[in-house]
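Here is how the chains run, residue by residue.
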Amino acid sequence: MDGVEMSPLIVTSTQDLAGVNIHDTLIKLYPFKPFSKNPEGLQVYRYGDILLTSTEKHIVEASHVEEWFDIDLIIFASMHRSASATPCLTVHAPGNLSDTAEVGGIPRRICVSAPLYMKAAITHLRGNAEALDLLDKYEVVMECTHHGDYLERTPCFFIEIGSREEEWRDPRAAEAVARSIIQALEGVGEARVGIGIGGPHYHKRFTELMWISDIAVSHIAPKYALPHLDEYMIRQMMERSRPRSSLAILDWKGLKGEKKRIISILEGMGVEWTRLSHLLEKYRR
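Residues numbered from 1 in each chain as written. Predicted model: local features only at pLDDT ≥ 70, side-chain atom pairs only at ≥ 80, totals over all residues. Heavy atoms only, no water.

Draft legend 1. Spatial organisation of the confidence of the model for the protein. Confidence along the protein averages 95 in pLDDT terms, with 98% of residues attaining 70 or more. Note that residues 1-5 has pLDDT below 50 and, in this model, 14 contacts with residues that lie over four places away or in other chains. (pLDDT = per-residue confidence, 0-100. Contact = heavy atoms within 4.5 Å.)

Below, the structure written as structure tokens:
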């Protein structure tokens, strides 16, 4: 779009109750000003170099926004659904680690993650949730890499409110997410980047590592995705990250019967690896 230099972009969907809530809260809390219209005819707002807009498509079918602007980061703000309906505030990289793409994207293709911004976002999310007295209800947690859409080149991540309409409409949850997005965009620290392998979908221990260490976790492959991990997928996890990942972090007990195979692949690729438990022990001291 003419007149826009390289900028971060926040994207929400008009189909998404939490996204609409977060979008409206950002405009309420920060001096976003109308800037232009996007190709769908919806308003584009600007605050400093930060752009904010919506799409009429589902948020997991929003890869087209990558073509609208000259941008270097996309944050998708949206609702989260889960079978357990647990109230949560989550951050994750998008992509499909398996041979299927049930919720958008392309099978066996993952997006370029933004681990430094994800680390900042999940850290601020905890602080804002605490300040807004949300921790008694909401779990703040990193999710594994999952669902679409697929973006070829622009680093991106999702930040979400889960898991029911009550939470999607919650003004305090939207405020926690909105403030965390802006705070993350205001500046990130330096960190070594690693991928996570093994363990549950909602990974509390990788979340803790993001909070207490100088390590930023990019893509996470949970235990249910391990049968799909081969050299091709692990190479994507390492390379499709800005900055690039230089370390594989293994949830030892969460590797099930895949330890030897995964380690063999990593060592064959020359990838340094370590146990998650060892890192947590180091940084908890």
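Now that the structure has been shown, we can carry on.
Draft legend 2. Structural detail: the pairing of strand S6 (residues 88-92). The element S6 is largely enclosed, with a buried count of five among its five residues. Here S6 shows a buried face lined by Cys88, Thr90 and His92 and a second buried face lined by Leu89 and Val91. As paired strands, S6 and strand S10 (residues 156-162) are joined by five bridges and run antiparallel to one another. By the bridge assignment for S10, Cys88 is matched with Gly162. Bridge count between S6 and strand S9 (residues 139-143): four bridges; the pairing is parallel. Pairing of Val91 across the sheet is with Met142, part of S9. (Buried < 20%, exposed > 50% of the residue type's maximum accessible area, 1.4 Å probe, protein only. Helix = DSSP H or I, 4+ residues; strand = E, 2+ residues; numbered from the N terminus. Pairing = 2+ DSSP bridges.)

Draft legend 3. Layout of the nonpolar core. With 53 residues, the main nonpolar core has Leu89, Ile159 and Ile161 as its most contacted residues. The element contributing the most residues to this core is helix H4 (residues 171-185), with nine residues. (Core = buried A, V, L, I, M, F, W, Y, C linked by side-chain atoms within 4.5 Å.)

Draft legend 4. Structural detail: the sheet that holds strand S14 (residues 247-250). Ordered in space as S13-S11-S14-S15, the four strands form an open sheet in which the pairing is parallel. Each having just a single partner strand, strand S13 (215-221) and strand S15 (273-275) make up the two edges of the open sheet. Across the sheet, the mean angle from the axis of one strand to that of its neighbour is 30 degrees, orientation sign disregarded. By the bridge criterion, five bridges tie strand S11 (residues 192-197) to S13 in an arrangement that is parallel. Across the sheet, the residue bridging to Val193 is Ala216, located in S13. Along the sheet face, helix H5 (residues 204-212) touches S11, S13 and S14 and points at about 160 degrees away from the line of S13. (Axes fitted to C-alpha atoms, helices over the stretch in contact; angles between N-to-C directions.)

Draft legend 5. The pattern of salt bridges, seen in detail. Applying the stated rule across the entire model yields 19 salt bridges. Between Asp230 and Arg108 there is a salt bridge; the shortest N-O distance is 2.7 Å. Of this pair, Asp230 sits in the loop between S13 and helix H6 (231-239) while Arg108 is found in the loop between strand S7 (95-96) and strand S8 (109-110), placing the two residues 122 residues apart along the sequence. A relative accessible area of 28% places Asp230 in the partly exposed class. Salt-bridge contacts for Arg284 lead to Glu208; the nearest nitrogen and oxygen are separated by 2.8 Å. Here Arg284 is found in helix H8 (residues 276-284), whereas its partner Glu208 is found in helix H5, with 76 residues between them in sequence. Given a relative accessible area of 22%, Glu208 falls into the partly exposed group. (Salt bridge = Lys/Arg side-chain N within 4 Å of Asp/Glu carboxyl O.)

Draft legend 6. Expanded view of the packing of helix H2 (residues 115-131) against H4. Running from amino to carboxyl end, H2 crosses H4 at an angle of 140 degrees, the nearest separation of the two axes being 8 Å. Accordingly, the angle class assigned to the pair H2 and H4 is oblique. For the element pair H2 and H4, the recorded crossing hand is right-handed. On H4, the residues touching Tyr117, Ala120, Ala121, His124, Leu125, Asn128 and Ala129 of H2 are Ala176, Val177, Arg179, Ser180, Gln183, Ala184 and Leu185. Per-class residue counts for the contact of H2 with H4 are nine nonpolar, four polar and one charged. (Parallel < 35°, antiparallel > 145°, perpendicular 65-115°, else oblique. Left-handed = near helix turned anticlockwise from the far one by under 90°. Nonpolar A, V, L, I, M, F, W, Y, C, P; charged D, E, K, R; others polar.)

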